[in-house]
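# Residue-level structure breakdown
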Amino acid sequence: DDRFDAEVWLTDMSRRLADQVPDPKERLQILKAVHQQATRAQLAPELVLAVIDVESNFDRFAISASSALGLMQVMPFWVPQLGYRDKNQLFDIRTNVLLGCRILKYYLDMEHGDLVKGLARYNGSVGRRGYADRVLDRLRLKWYRM
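Residues numbered from 1 in each chain as written. Predicted model: local features only at pLDDT ≥ 70, side-chain atom pairs only at ≥ 80, totals over all residues. Heavy atoms only, no water.

Attention shifts here to unusual backbone geometry. Even without a glycine there, the phi angle at Gln42 is positive, about 60°. Here Gln42 shows up in the loop between α2 (24–40) and α3 (45–56). (Helix = DSSP H or I, 4+ residues; strand = E, 2+ residues; numbered from the N terminus.)

Quick look at the structure:
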């Protein structure tokens, strides 16, 4: 809502992301998409950054062994379920972050806001803490807000 706060956030997060995404234009595109889509989905943008950090190390062209695609490692089966047609849209930063945030919010709501359980669902590791602990550690150690 506040432009000054948004600029401060972008500057701070851009500094933290610089080593992983050296191109300032791509870095800004990622950060703007994360802030916009996380806010729209009622998620903390820093949580979304931690998820992306763990999922893809900010590689927008990442493909996992299980065929998850893009920054947030979205599974292609979600594409038609969320009203899109082409799984290659998951390599688009904005689209990937939009769908990833919607999916993460869906799982967190399913688990009544429990971050550990919601993150485990997002990762497909229900009943195990390893993935959630990695995301929460990254959130605490790198993406926290000052």
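Next comes the rest of the description.
Bringing helix α6 (residues 115–123) into the picture now. Residues Val116, Gly118, Leu119, Ala120 and Tyr122 constitute the buried set of α6. Looking at the buried residues of α6, the elements they touch are α3, α5 (93–110) and α7 (130–143). Where α6 ends, the next residue or the one after it, Gly124, has phi of about 75°, a positive value. (Buried < 20%, exposed > 50% of the residue type's maximum accessible area, 1.4 Å probe, protein only. Contact = heavy atoms within 4.5 Å.)

Counting across every chain of the model gives 10 salt bridges. Linking Arg15 and Asp12 is a salt bridge whose minimum nitrogen-to-oxygen distance equals 2.7 Å. Of this pair, Arg15 and Asp12 both sit in helix α1 (residues 3–17), separated by 3 residues, roughly a single helical turn. Look at Arg15 and you get exposed, because its relative accessible area is 53%. Taken together, the shared-partner salt bridges connect Asp12, Arg15 and Arg16 into one network. (Salt bridge = Lys/Arg side-chain N within 4 Å of Asp/Glu carboxyl O.)

The next thing to look at is the environment of Ile93. Along the polypeptide, Ile93 turns up in helix α5. Exposure remark for Ile93: the relative accessible area of 0% places this residue in the buried category. In the structure, Ile93 is positioned 35 residues away from Arg128 in sequence and 29 Å away in space, judged by C-alpha atoms. Discounting chain neighbours no more than four positions away, the residues touching Ile93 are Glu26, Gln29, Ile30, Ala33, Arg60 and Leu71.

The next thing to look at is the side chain of Ser125. Along the chain, the position of Ser125 falls in the loop between α6 and α7. Ser125 gets classed as buried once you look at its relative accessible area, which sits at 6%. Within the local environment of Ser125, its side chain forms a polar contact with the side chain of Asn123, the two groups lying 3.0 Å apart. (Polar contact = N/O pair within 3.5 Å; in protein donor to acceptor, adjacent residues only side chain to side chain.)

Our next topic: the packing of α3 against α5. Direction vectors running N to C along α3 and α5 enclose 105°, while the axes themselves pass 11 Å from each other. The orientation of α3 relative to α5 falls into the category roughly perpendicular. Here Leu47, Val48, Val51 and Ile52 of α3 come into contact with α5, specifically with Val97, Cys101, Leu104 and Leu108. Here the residues of the contact of α3 with α5 sort into 8 nonpolar, no polar and no charged. (Axes fitted to C-alpha atoms, helices over the stretch in contact; angles between N-to-C directions. Parallel < 35°, antiparallel > 145°, perpendicular 65-115°, else oblique. Nonpolar A, V, L, I, M, F, W, Y, C, P; charged D, E, K, R; others polar.)

The final tally for this structure, using the stated rule, is 6 aromatic pairs. Between the aromatic rings of Tyr106 and Tyr107, the centroid separation amounts to 5.3 Å while the plane-to-plane angle is 55°, which identifies the pairing as tilted. Among the aromatic side chains, those forming a connected cluster through ring pairs are Phe77, Trp78, Tyr106 and Tyr107. Residue placement shows Arg16 over the ring face of Tyr144; its charged tip is 4.5 Å from the ring centre. (Phe/Tyr/Trp six-rings, centres within 6.5 Å; stacked < 30°, edge-to-face > 60°. Lys NZ or Arg CZ within 6 Å of the ring centre and 35° of its normal.)

Next up on the list: the nonpolar core. Membership of the largest hydrophobic core comes to 45 residues, with the highest contact counts inside it found for Met72, Val97 and Tyr122. The set of elements that each furnish at least two residues to this core consists of α1, α2, α3, α4 (78–81), α5, α6 and α7. The contact partners of Tyr122, leaving out residues within four places of it in the chain, are Val51, Glu55, Met72, Val74, Gly100, Ile103, Leu104, Tyr107 and Tyr131. (Core = buried A, V, L, I, M, F, W, Y, C linked by side-chain atoms within 4.5 Å.)

All right, on to α1 then. The α-helix advances 3.6 residues per turn, and as a result positions three or four apart in sequence lie on the same side. Between the first and last C-alpha of α1 there are 21 Å, a value that for 15 residues agrees with the 21 Å anticipated at 1.5 Å per step. Considered for burial, the residues of α1 that qualify are Trp9, Leu10, Asp12, Met13, Arg16 and Leu17. Packed against the buried residues of α1 are α2, α3 and α7. (Expected span 1.5 Å × (residues − 1).)

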